[in-house]
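Geometric and topological summary
Spelled out from the first residue to the last, the chains are:
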Amino acid sequence: MRILSGVQSSGRLHIGNYYGAIRQFVQLQEQGEAYFFIANYHSLTTLRDPRQAETYTREAAMAYLSLGLDPKKAVLFRQSDVREVLELYWLLGTVVPVANLERATSYKDKLAKGISADFGLFAYPVLMAADILLYSPDFVPVGKDQIQHIEFARDWAVKFNLTYVPGYDPQDPDGKEKGHAPGLLKLPAARVQEDTATVPGVDGQKMSKSYGNTIDLFGDEKELKKRIMGIKTDSTPVEAPKPTENAPLYDLLKLMLPADRFAEADASWRAGGKGYGDYKKLLLAAFLDTFGPARQRYTELQNDPAELERILQDGAERARAEATRLLQRVRRAVGIP
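Residues numbered from 1 in each chain as written. Predicted model: local features only at pLDDT ≥ 70, side-chain atom pairs only at ≥ 80, totals over all residues. Heavy atoms only, no water.

This next bit is on the overall build of the protein. Scanning the protein for helices and strands turns up 13 helices and five strands. Since a compact globule built from 337 residues should have a radius of gyration of about 20 Å, the 22 Å found for the protein is in line with a globular shape. The burial tally for the protein puts 47% of its 337 residues in the buried class. Nonlocal contacts in the protein, meaning residues at least 24 apart in sequence, comprise 78% of its contacts between residues at least 6 apart. For the protein, the accessible area works out to roughly 16700 Å², and carbon and sulfur atoms hold 50% of it. When the 44 basic and 44 acidic side-chain charges of the protein are each reduced to a single mean position, those positions are 1 Å apart. (Helix = DSSP H or I, 4+ residues; strand = E, 2+ residues; numbered from the N terminus. Rg over C-alpha atoms; globule rule 2.2 N^0.38 Å. Buried < 20%, exposed > 50% of the residue type's maximum accessible area, 1.4 Å probe, protein only. Contact = heavy atoms within 4.5 Å. Areas by Shrake-Rupley, 256 points an atom, 1.4 Å probe, with all protein chains shown as cover. Lys, Arg positive; Asp, Glu negative; His and termini not counted. Charge placed at Lys NZ, Arg CZ, Asp CG, Glu CD.)

Listed below in structure tokens is the structure:
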């Protein structure tokens with residue numbers, strides 16, 4: 001079983017990235033052949049500072065490794081180190097209907113917000129589909145808001161196979177029945193993480209780099225404390241019970257504290273007698289307990305850039321070996337020597 005996923009390197013990773021995705025990715029490396037990439041081509045649709053782009057890519061790789069990804073078990077690589085994805089991007093794009101791209105959720109959302117859309121944003125789903133199809137994964141772990149991208153990848157793979165594979169039947173994509181040919185591009189399945197946590201930001205909205213409401217995983221401890229102590233709360237008096245609805249501090253405590261410690265915090269929260277500042281200090285301590293070892297590993301990688309580059313180059317070599325095999329077959333199918 002082959003698993004594939006990626007993370008866009010458009011900013012510093014935060015606890016929402018960990019609980020919403022990376023924690024599950026680390027678990028999945030124990031269940032099959034795992035490929036994880038840093039999507040630094042994708043990040044260029046929003047990030048235009050070359051120095052930041054390079055820094056965020058490196059930080060994303062260090063974060064993956066610090067949080068438990070084992071390069072002996074999984075393939076970790078930069079998207080840009082496997083240039084074959086750009087060729088598949090173009091070849092696949094020649095069969096992609098423009099109408100599909102016009103109804104892409106991310107594209108429509110940007111237009112609705114009055115943001116000027118460029119080619120990178122418009123063609124973003126094609127590059128994402130090429131990212132997936134190039135490695136022939138069995139499934140791609142995604143949140144519910146990303147299902148459309150997997151559907152696009154499947155639809156375009158079918159269209160490509162129908163165009164270039166004689167005897168291909170969409171009802172028998174693996175060519176198991178006599179007279180049918182297997183598709184060149186394998187149809188990936190979405191694996192929806194039903195239990196994926198929605199992590200609130202310091203302002204109560206969903207934690208997101210675009211909202212500027214994150215708690216960075218590997219930020220400076222002084223800034224970390226400032227962020228946590230600044231979590232939005234209401235004016236409930238110290239002695240009164242605290243509300244549990246629309247309370248980001250409560251939700252973050254529930255997310256990060258072990259079950260027994262949260263039960264204690266929950267009881268005192270509902271009983272009253274403690275101020276929000278006490279609970280913020282409790283959350284800060286829980287953060288440092290949870291991510292302390294990862295933060296130490298992150299610092300070690302920062303101080304050994306050669307080791308980080310060695311891991312990424314090794315991952316790129318393994319990924320390219322797989323990508324090259326697939327692309328050679330695709331090139332022959334479309335008539336490119």
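Another point: the side chain of K242. Among the secondary structure elements, K242 is positioned in the loop between α9 (221-229) and α10 (248-256). E239 provides the closest opposite charge to the buried, unpaired K242, separated from it by 7.3 Å. Here A240 takes part through its backbone oxygen, which lies 2.9 Å from a polar atom of the side chain of K242. With residues up to four places along the chain from it excluded, the contact list for K242 reads T236, P237, W269, G272, G273, K274 and Y276. (Salt bridge = Lys/Arg side-chain N within 4 Å of Asp/Glu carboxyl O. Polar contact = N/O pair within 3.5 Å; in protein donor to acceptor, adjacent residues only side chain to side chain.)

By the alternation rule, side chains of strand β4 (residues 139-142) split into F139 and P141 and V140 and V142, which are all buried. Here β4 runs beside strand β5 (residues 189-192); their pairing, made up of four bridges, is parallel. Bridge assignment links P141 to a residue of β5, and that residue is R191. Handedness of the β-α-β unit built from β4, helix α8 (residues 147-164) and β5 comes out right-handed. (Pairing = 2+ DSSP bridges. Right-handed = clockwise from strand over helix to strand, strands pointing away.)

Moving on, we come to the pattern of salt bridges. Following the criterion strictly, the structure yields 17 salt bridges and no others. Linking E59 and R12 is a salt bridge whose minimum nitrogen-to-oxygen distance equals 3.3 Å. You can see E59 sitting in helix α2 (residues 50-66) and its partner R12 sitting in the loop between β1 (2-8) and α1 (15-28), a full 47 residues away along the chain. Take E59: its relative accessible area is 14%, and that puts it in the buried class. Note on R12: relative accessible area 41%, which makes it partly exposed. Taken together, the salt bridges that share partners define one network made up of R2, E33, E322 and R325.

Between helix α3 (residues 84-93) and helix α7 (residues 124-133), the shortest axis-to-axis distance is 8 Å and the interhelical angle comes to 115 degrees. Relative to α7, α3 is oriented so that their crossing is right-handed. Together, V85, L86, L88, Y89, L92 and G93 of α3 and V126, L127, A129, A130, D131 and L133 of α7 make up the contact between the two elements. Residue classes in the contact of α3 with α7 are distributed as 10 nonpolar, one polar and one charged. (Axes fitted to C-alpha atoms, helices over the stretch in contact; angles between N-to-C directions. Left-handed = near helix turned anticlockwise from the far one by under 90°. Nonpolar A, V, L, I, M, F, W, Y, C, P; charged D, E, K, R; others polar.)

Attention now goes to the environment of Y250. With respect to the helices and strands, Y250 occurs in helix α10. Note on Y250: relative accessible area 7%, which makes it buried. Through-space distance from the C-alpha of Y250 to that of Y279 is 8.4 Å; in sequence the pair is 29 residues apart. If near-sequence neighbours (up to four positions away) are discounted, Y250 is found in contact with T244, F262, D266, W269 and R270.

Our next topic: the packing of α10 against helix α12 (residues 276-302). It is at 10 Å that the axes of α10 and α12 come closest, and there the two elements cross at 30 degrees. Taken together, the axes of α10 and α12 are roughly parallel relative to one another. Helix-helix and strand crossings are classified by hand; for α10 and α12 the assignment is left-handed. In contact with L249, L252, L253 and M256 of α10, α12 contributes Y276, Y279, K280, L282, L283, A286, F287, T290 and F291. Here the contact of α10 with α12 is composed, by residue class, of 11 nonpolar, one polar and one charged. (Parallel < 35°, antiparallel > 145°, perpendicular 65-115°, else oblique.)

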